[in-house]
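The residues making up each chain are set out below.
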Amino acid sequence: MRIAVPKESAAGEHRVATVPDVVGRLVKLGVEVLVETGAGAGAFHSDEAFAAAGARIVTDAAELYREGDVVLKVQAPTLEEAERLREGTILIGLLTPHKNLDVVLRLRDRRITALALELLPRISRAQAMDALSSQASVAGYRAVLMAAYRLGKFMPMLTTPTGTIRPARFLIVGVGVAGLQAIATARRLGAMVEAYDVRPATKEQVESLGAKFIQMDIKADAQGGYARELTAEEKQQQQDLIAKHVAQADVVITTAAVPGKQAPRIITTAMVEHMRAGSVIIDLAAESGGNCELTKPDKGVRYHDVEILGPVNVPSTLATHASEMYAKNMLNLLQLMIKDGQLAPDWEDEVLRDSTLTRDGDIKFGPIRTLIEGGQS
Ligand SMILES: NC(=O)c1ccc[n+]([C@@H]2O[C@H](COP(=O)([O-])OP(=O)(O)OC[C@H]3O[C@@H](n4cnc5c(N)ncnc54)[C@H](O)[C@@H]3O)[C@@H](O)[C@H]2O)c1
């Protein structure tokens, strides 16, 4: 059995789907690992390090795609890369199917078995395979450092000969995996942190990290630990409540998301107008439409002396550890499929079944099937 790891081709992508340490473990499982030359360069893993761990370095990308029984990617393949996959290959990655319908079609037609890590069920058994979580955690951490770098203030309280400096005030909106890591990071740097989420279960988590939870009477829990979309009335209630917390914050980090939907608009232009000059907003939901009305994906906007950043692909900016975590997620998933050095996936296993986007010429994930096949008929 051969596992192939190409160099990521998307602009600005520095991560790689495996790291030398994981290659060593795969080799011990009796698997042959092929890595494209330069695949790890962005995450500071050299070809030599991969080779020393037992990988075969392949210079020709087309050959690599052709030879893999399993191909590990971080991002979705391009159409050209999808063409290179041999029929029956198992492709695993963060495939963002909603944004890549043409690629999904190609994978279906080429009878590729595609596992989209976004579809992995959020059950405890699958936690160690959960790439959405590992990468969200990286993003939450990085967002705090981005804000700290831009803020013209200290983060912690400081007692100096010239007087006491108050700690920076952070507001974290959306307390999923990224939000929790943002709270923990801001607290470690000494900031005062408030946080808000529509799932009441997050209150305890927020408080256990030493932050203050902003209480509201909305309960928007949905299946799988996710949130549902708010009604128009609830949205208004939310805005009335959080406006004054936004006005008091030096930094607002927003991470709110509802699966399969545009990110909820939470921070209005009027709220930004009431923020202090020099404040910073980091909108981690920029890629899915933004939680702030003024966010521009991949850009910084200055409005009323408030800086609003809409960074995209934040995990790639911490490529070494993001790749390491991602590679371990992949290893744990692969271990489910490998028996005695051979591929032996059980497609009835909940983890594999739910993660399957395409297999045997079909689109297995209902919402994408409806989007594509509904549109074709
Ligand atoms: N295997 C597992 O058991 C497992 C793995 C990962 C995550 N989880 C859980 O799943 C949950 C969601 O995680 P996620 O980070 O992927 O979520 P996500 O990225 O879908 O959303 C981020 C956060 O935004 C919140 N949100 C949505 N709409 C909002 C609004 N209008 N205002 C404020 N907040 C809003 C959500 O409640 C969520 O906490 C978490 O509770 C997490 O602990 C479980």
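Residues numbered from 1 in each chain as written. Predicted model: local features only at pLDDT ≥ 70, side-chain atom pairs only at ≥ 80, totals over all residues.

(A) Looking closely at the overall build of the protein chain. Each helix and strand in the protein chain was counted, giving 13 helices and 19 strands. On C-alpha atoms alone, the protein chain measures out to a radius of gyration of 22 Å, which is about the 21 Å that the 2.2 N^0.38 rule sets for 377 residues. Taking the principal axes of the C-alpha coordinates as reference, the protein chain spans close to 65 × 55 × 35 Å. For the protein chain, long-range pairs separated by at least 24 residues make up 64% of all intrachain contacts whose partners lie at least 6 apart in sequence. (Helix = DSSP H or I, 4+ residues; strand = E, 2+ residues; numbered from the N terminus. Rg over C-alpha atoms; globule rule 2.2 N^0.38 Å. Contact = placed C-beta atoms within 7 Å.)

(B) Summary view of the site of the ligand. Taken together, 31 residues lie around the ligand, and G174, G176, G225, A227 and A256 are the ones closest in. Counting residues per element, the ones that place at least two in the shell around the ligand are α6 (131-150) and α7 (177-188). Of the residues assigned to the shell around the ligand, the class counts are 19 nonpolar, eight polar and four charged. Of the domains in this structure, domain 1 (2-129 + 319-360) and domain 2 (151-312) are the two that each give at least three residues to the shell around the ligand. (Near = placed C-beta within 6 Å. Nonpolar A, V, L, I, M, F, W, Y, C, P; charged D, E, K, R; others polar. Domains from an automatic or database assignment.)

(C) Highlighting unusual backbone geometry. One non-glycine residue with positive phi stands out, namely R111, at about 55°. In this structure, R111 sits in the loop between α5 (101-109) and β6 (113-116).

(D) Spotlight on α5. Among the residues of α5, those classed as buried are V103, V104, R106, L107 and R108. Looking one or two residues beyond α5, the residue adopting positive phi is R111, at roughly 55°. (Buried ≥ 20, exposed ≤ 12 C-beta atoms within 10 Å, placed from the backbone.)

(E) Spatial organisation of the environment of M155. Structurally, M155 is set in the loop between α6 and β7 (158-160). Along the sequence, M155 and P345 sit 190 residues apart, while their C-alpha atoms lie 49 Å from each other. Sequence-distant contacts of M155, that is, excluding residues within four places in its chain, are made with A148, P167, A168, L189, G190 and A191.

(F) A look at the domain arrangement of the protein chain. Domain boundaries assigned for the protein chain yield domain 1 (2-129 + 319-360) and domain 2 (151-312). For domain 1 versus domain 2, the separation of C-alpha centres amounts to 34 Å.

(G) Molecular detail of the nonpolar core. Ranked by size, the top nonpolar core spans 112 residues in total, and within it V5, F170, I172, I253 and L357 carry the most contacts. Sorting elements by how many residues they give to this core places helix α11 (residues 319-335) first, with nine residues. Looking at which domains feed residues into this core, each of domain 1 (2-129 + 319-360) and domain 2 (151-312) gives three or more. Residue contacts for F170: discarding those within four places in its chain leaves A186, A191, M192, V193, A249, V251 and I253. (Core = buried A, V, L, I, M, F, W, Y, C linked by C-beta atoms within 7 Å.)

(H) Geometry of the sheet that holds strand β14 (residues 300-303). A sheet is described by the order of its strands in space; here seven strands give the open sequence β11-β10-β9-β12-β13-β15-β14, paired in mixed fashion. Only two strands of the sheet have a single partner each, and these edge strands are β11 (212-213) and β14. Across five bridges, the pairing between strand β9 (residues 169-173) and strand β10 (residues 192-196) is parallel. Note on β10: the bridge partner recorded for R169 is M192. Sheet strands touched by α7: β9, β10 and β12 (251-254). Its angle to β10, the strand with the most contacts, is close to 165°. Its contacts with the sheet put helix α9 (residues 232-248) on β9, β10 and β12, and the angle it makes with β9 is roughly 145°. (Pairing = 2+ DSSP bridges. Axes fitted to C-alpha atoms, helices over the stretch in contact; angles between N-to-C directions.)

(I) Just helix α1 (residues 20-28), in detail. Every buried residue belonging to α1 is among P20, V22, V23 and L26, and all of these are buried. Taken around the axis of α1, the buried residues stretch over an arc of 155°, which confines them to a single face. As for α1, its buried residues are in contact with β1 (2-5), β2 (32-36), α2 (47-52) and α11. (Arc of directions from axis to C-beta.)

(J) Spotlight on the packing of α1 against α11. Contact pair α1 / α11: the axes reach a minimum separation of 9 Å and the direction vectors enclose 15°. One way to sum up the angle between α1 and α11 is to call them roughly parallel. For α1 against α11, the interelement crossing comes out right-handed. Taken together, the residues of α11 that come into contact with α1 (itself represented by V22, R25 and L26) are A327, K328 and L331. In terms of residue class, the contact of α1 with α11 is built from four nonpolar, no polar and two charged. (Parallel < 35°, antiparallel > 145°, perpendicular 65-115°, else oblique. Left-handed = near helix turned anticlockwise from the far one by under 90°.)

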